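One-letter residues, chain by chain:
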Amino acid sequence: MLPQPLRRRRYGIVIVGGGPAGSACALALARAGRHDVLILEAAAYDEFRIGESIPPESGQLFHALGIDTQFLAREHAPCYGSCSYWGSDKRGYNDALLNPRGHGWHLDRRRFNRFLADQARAAGAELAIGATLRGSMRDGDGFVLDVASGDGNATVHADVVIDASGTRTRFARQQGSRRLHDGSLICLAARFDAGALAPGLGALTHLEAVEHGWWYAARLPDGSLLVTLYTDAESVRALRLHRAGHWHAALAQAPQTARLASGGRCLAAPHSFPAPSYLLDGTCGANWLAIGDAASAYDPITSQGIIKSLANALLAARAIVQREEGDDASLARYGAAVGADYARYREARRYFYRLEQRWPEAGFWARRHREDAHARPESVNC
Ligand SMILES: Cc1cc2nc3c(=O)[nH]c(=O)nc-3n(C[C@H](O)[C@H](O)[C@H](O)COP(=O)(O)OP(=O)(O)OC[C@H]3O[C@@H](n4cnc5c(N)ncnc54)[C@H](O)[C@@H]3O)c2cc1C
């Protein structure tokens, strides 16, 4: 998609970020009759985005957004569950066959993000691609936004701003919100070519816990195999895992994951992505709110990041409409719901990491178990 000029300089609602959260929120607002919505998206939907596995519950959210048929027509690869070596070296299955909601999906993230943005645009939202929020100032009850785009810099007025800028949390931090960090992983990911790859993986995701973290593997839509080590900064430093040779040596010591990748050629050196966990200390304020990863970020072990972002988007759109109808407590209720979801996420994370007790002395696992013993961050909100 090519950068496009902004059509106007004043909007009822400006959404900063056109990822899953921002596009879904614009779509939900348009369906509720709000058409003065602008999405600012810094990128152009043409680069690789990490995070592709979504659970069966996603179907309900697509239905609530009114795009379930359109989503299915895109024929993303199904995900029939996971195969894991977690807590012991015996294989375990979490099989979608037993889930009344059916299977999940392995998304082509680039295509999925673009699809959601197209749906928002078709429903009536304006999408400015290649438009980056730089700064913001209060302007009466609303805001003046400083936007850099293909045209140069522009000033945009917004009555309400929704921060959907992902882990940059660009706007909410300008409003003084802070991220209450609660654990942080590093993801070191590489792709292997199709070759004679991944015997037995099929349409499952693969997990293998090891002494210094856990490995994840899944087939990508182009047929390649994504192989990822999730660990933490301390382990990366101690074992120099950011170096390709050390990463491959660690892979060789993860027997089940090494077996999957053994028939393929590694396409490029491992790339590192931060995977933080946090909750904002304030997810909304006067005429603004934060959604998706801008408001809270989850450990990828839960595979809930995308559905959390879609669910936030629906809730936020409803809160805005309710407030326009005179319900002054709706934004605060939205903030409380984000906090309650975060508490549930922490329980899920605690459950997964407690299942693995084979390496009590290993720093990675000791840190995971310690994190879960800490008091959970509380959002004050609105
Ligand atoms: C390593 C890793 C693996 C993951 N795996 C999974 C997984 O398997 N399943 C899952 O469900 N989740 C996974 N996640 C989480 C998932 O990717 C996120 O939860 C999800 O992308 C959040 O969507 P979002 O729209 O809130 O943010 P994003 O997807 O980050 O979108 C934010 C958008 O805002 C734009 N933007 C940023 N700043 C500005 C600005 N100043 N102006 C304009 N635009 C801006 C960005 O370009 C971006 O398009 C993973 C995350 C990581 C780090």
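Note that this is a predicted model, so its numbers are computed, not measured.

### Overview of the domain arrangement of the chain
Here's step 1: Once the domains are mapped, the chain shows domain 1 (10-81 + 99-181 + 278-342) and domain 2 (182-274).
Here's step 2: Computed from C-alpha coordinates alone, the two centres of domain 1 and domain 2 are separated by 29 Å.
Here's step 3: Between domain 1 and domain 2, the residue contacts involve 18 residues of the former and 18 residues of the latter.
Here's step 4: When domain 1 packs against domain 2, the two sides together hide about 1400 Å² of surface, and 66% of this comes from carbon and sulfur.
Here's step 5: Contact with domain 2 buries area across many residues of domain 1, yet Ile50, Glu52 and His106 alone supply 34% of it, more than any other trio.
Here's step 6: Linking domain 1 with domain 2 are four residue pairs in polar contact (both at pLDDT 80 or more).
Here's step 7: Residue assignment for the side of domain 1 that touches domain 2 shows that the elements contributing at least two residues are strand 4 (77-79) and strand 12 (179-192).
Here's step 8: Per-class residue counts for the side of domain 1 that touches domain 2 are 11 nonpolar, four polar and three charged.

### Focus on the sheet that holds strand 7 (residues 104-106)
Here's step 1: Read across the open sheet, the three strands follow the order 3-7-4; overall the sheet is antiparallel. Edge positions in the sheet fall to strand 3 (53-54) and strand 4, since each has one partner strand and no second.
Here's step 2: As paired elements, strand 3 and strand 7 share two bridges and run antiparallel to each other. What sits directly across from isoleucine 54, in strand 7, is tryptophan 105.

### Some thoughts on the site of the ligand
Here's step 1: If you check the shell around the ligand, you find 34 residues, and the closest are Ala21, Glu41, Ser53, Asp293 and Ile306.
Here's step 2: Contacts to the ligand include proline 20, whose backbone N or O atom sits 3.2 Å from an oxygen atom.
Here's step 3: In this structure, an oxygen atom belonging to the ligand sits 3.3 Å away from a main-chain N or O atom of glycine 305.
Here's step 4: Relative to its unbound accessible surface of 1000 Å², the ligand loses 91% to contact with the protein.
Here's step 5: Residue assignment for the shell around the ligand shows that the elements contributing at least two residues are helix 1 (20-31), strand 2 (37-41), strand 9 (132-139), strand 16 (271-280) and helix 9 (305-324).
Here's step 6: Here the element with the most residues in the shell around the ligand is helix 9; it accounts for three residues.

Criteria and cut-off values
Residues numbered from 1 in each chain as written. Predicted model: local features only at pLDDT ≥ 70, side-chain atom pairs only at ≥ 80, totals over all residues. Heavy atoms only, no water. Domains from an automatic or database assignment. Contact = heavy atoms within 4.5 Å. Buried area = accessible area lost by both parts, 1.4 Å probe. Polar contact = N/O pair within 3.5 Å; in protein donor to acceptor, adjacent residues only side chain to side chain. Helix = DSSP H or I, 4+ residues; strand = E, 2+ residues; numbered from the N terminus. Nonpolar A, V, L, I, M, F, W, Y, C, P; charged D, E, K, R; others polar. Pairing = 2+ DSSP bridges. Near = heavy atom within 4 Å. Areas by Shrake-Rupley, 256 points an atom, 1.4 Å probe, with all protein chains shown as cover.

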